[in-house]
Every structure is written in structure tokens, then in C-alpha cells.
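Below, each chain spelled out in residue letters.
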Amino acid sequence: MAKYDISTLHPVFVRQMEALAALDIEAVMKNYTEDAVLLRFEGVSVGIEAVRETFTGYLTVKPTLVELQEYIETEDTIFYRAIMNLNGEPEHAFGTLVVRDGRIWRQTAGFGG
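Values in this document were obtained by computation on a predicted structure and should not be read as measured data.

Chemist: Can you break down the environment of Trp-105 residue by residue, with the values?
Modeler: One can find Trp-105 in strand 6 (residues 103-111). Spatially, the C-alpha atoms of Trp-105 and Ser-7 are 21 Å apart, while their sequence positions differ by 98 residues. Look past the residues within four positions of Trp-105 in its chain and what remains in contact with it is Thr-33, Asp-35, Ala-36, Val-37, Val-98, Val-99 and Arg-100. There is a polar contact of 3.4 Å between the side chain of Trp-105 and the side chain of Asp-35.

Chemist: Which residues make up the pairing of strand 1 (residues 32-40), and what values do they have?
Modeler: The side chains of a regular strand alternate, residue by residue, between the two faces of the sheet. Bridge count between strand 1 and strand 6: five bridges; the pairing is parallel. The partner of Val-37 across the bridge, within strand 6, is Arg-106. Pairing of strand 1 with strand 2 (residues 43-46) involves four bridges; the strand directions are antiparallel. Paired with Leu-39 across the bridge in strand 2 is Val-44. Between strand 1 and strand 2, which follow one another and run antiparallel, lie two residues.

Chemist: Quick one: what's the story with a nonpolar patch on the surface, residue by residue and with numbers?
Modeler: Taken together, the side chains of Leu-39, Val-44 and Val-46 define a hydrophobic patch exposed on the protein surface, amounting to about 270 Å² of accessible area. Taking the relative accessible area as the measure of exposure, Val-46 reaches 58% and is therefore exposed.

Chemist: Describe in detail unusual backbone geometry, supporting the description with residues and values.
Modeler: Here Asn-87, not a glycine, exhibits a phi torsion of approximately 55°, which is positive. Along the chain, Asn-87 falls in the loop between strand 4 (77-86) and strand 5 (89-100).

Chemist: Can you tell me about the sheet that holds strand 2, naming the residues and giving the values?
Modeler: Consider a sheet: its strands pair through backbone hydrogen bonds, and that pairing is either parallel or antiparallel. Strand order in the open sheet formed by six strands is 2-1-6-5-4-3, with mixed pairing between adjacent strands. Looking at which strands have only one partner, the edges of the open sheet turn out to be strand 2 and strand 3 (64-73). Taken over all neighbouring pairs, the strand axes of this sheet differ in orientation by 15° on average, direction set aside. Here helix 3 (residues 48-58) sits on the sheet in contact with strand 1, strand 2, strand 4 and strand 6, set at roughly 55° to strand 1.

Thresholds, definitions, all that
- Residues numbered from 1 in each chain as written.
- Predicted model: local features only at pLDDT ≥ 70, side-chain atom pairs only at ≥ 80, totals over all residues.
- Heavy atoms only, no water.
- Helix = DSSP H or I, 4+ residues; strand = E, 2+ residues; numbered from the N terminus.
- Contact = heavy atoms within 4.5 Å.
- Polar contact = N/O pair within 3.5 Å; in protein donor to acceptor, adjacent residues only side chain to side chain.
- Pairing = 2+ DSSP bridges.
- Patch = residues over 30% accessible without salt bridge, like charges linked within 9 Å, V, L, I, M, F, W, Y side chains within 5 Å.
- Areas by Shrake-Rupley, 256 points an atom, 1.4 Å probe, with all protein chains shown as cover.
- Salt bridge = Lys/Arg side-chain N within 4 Å of Asp/Glu carboxyl O.
- Buried < 20%, exposed > 50% of the residue type's maximum accessible area, 1.4 Å probe, protein only.
- Axes fitted to C-alpha atoms, helices over the stretch in contact; angles between N-to-C directions.

What follows is the structure in C-alpha cells.
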């Protein structure tokens, strides 16, 4: 399994991981465009205020990156699989970030094996 130096990855991904680790909703939101869409099995968040509401709830489980298992990027798309701690429990996570103008425009995110 590949080991990744997070600091060398796409700057949007690095900023997002740092903002989540800091539990900083304002830093998280700076990573998103006004017309961002977050697609999850639990539902779709359309627009910056809906994305903010989703992440406000998500930060209550204190997400921390345990291990980045797989990662690939192009200039505007990031695809990852990781193990995250949520409320201190490991959880498999996966997702895609589509970047526009240096911020997240579209995102998919899910948990489970």
C-alpha cells in the first residue's frame, strides 16, 4: 500500500484536511465555491449554506485522518480512499473533489467498506 506525504498533494486537498483536523468551519467553508454541491448517500447539499450546515454537523464527530489509503489527482479532480476517525472510531471513507478556481465545486463523499 502506498504511503502519501499529505503536504505534497493537491493544495485544495491539503487545505481541506488541515481545516477538518482543526475543526474550523470557517476554514472548511473557504475551500468551497458559492455554488458547491456535496453528494452523499444521506442526501445532497446544494449551495454554500447547505454545505455549511452539513459540515457543521460533520465536525461534531471530530473527523481526523488516520491513513490515506489511495489517492489520485488530475489538475481539477481528486479521488481518495482513507480511514478516518469519527468520534474516535475508525471508519472507511472515500470521495471525489472537483476543483474550480482553486476551490471545491463538486464533492462526493461516503463511508463504509
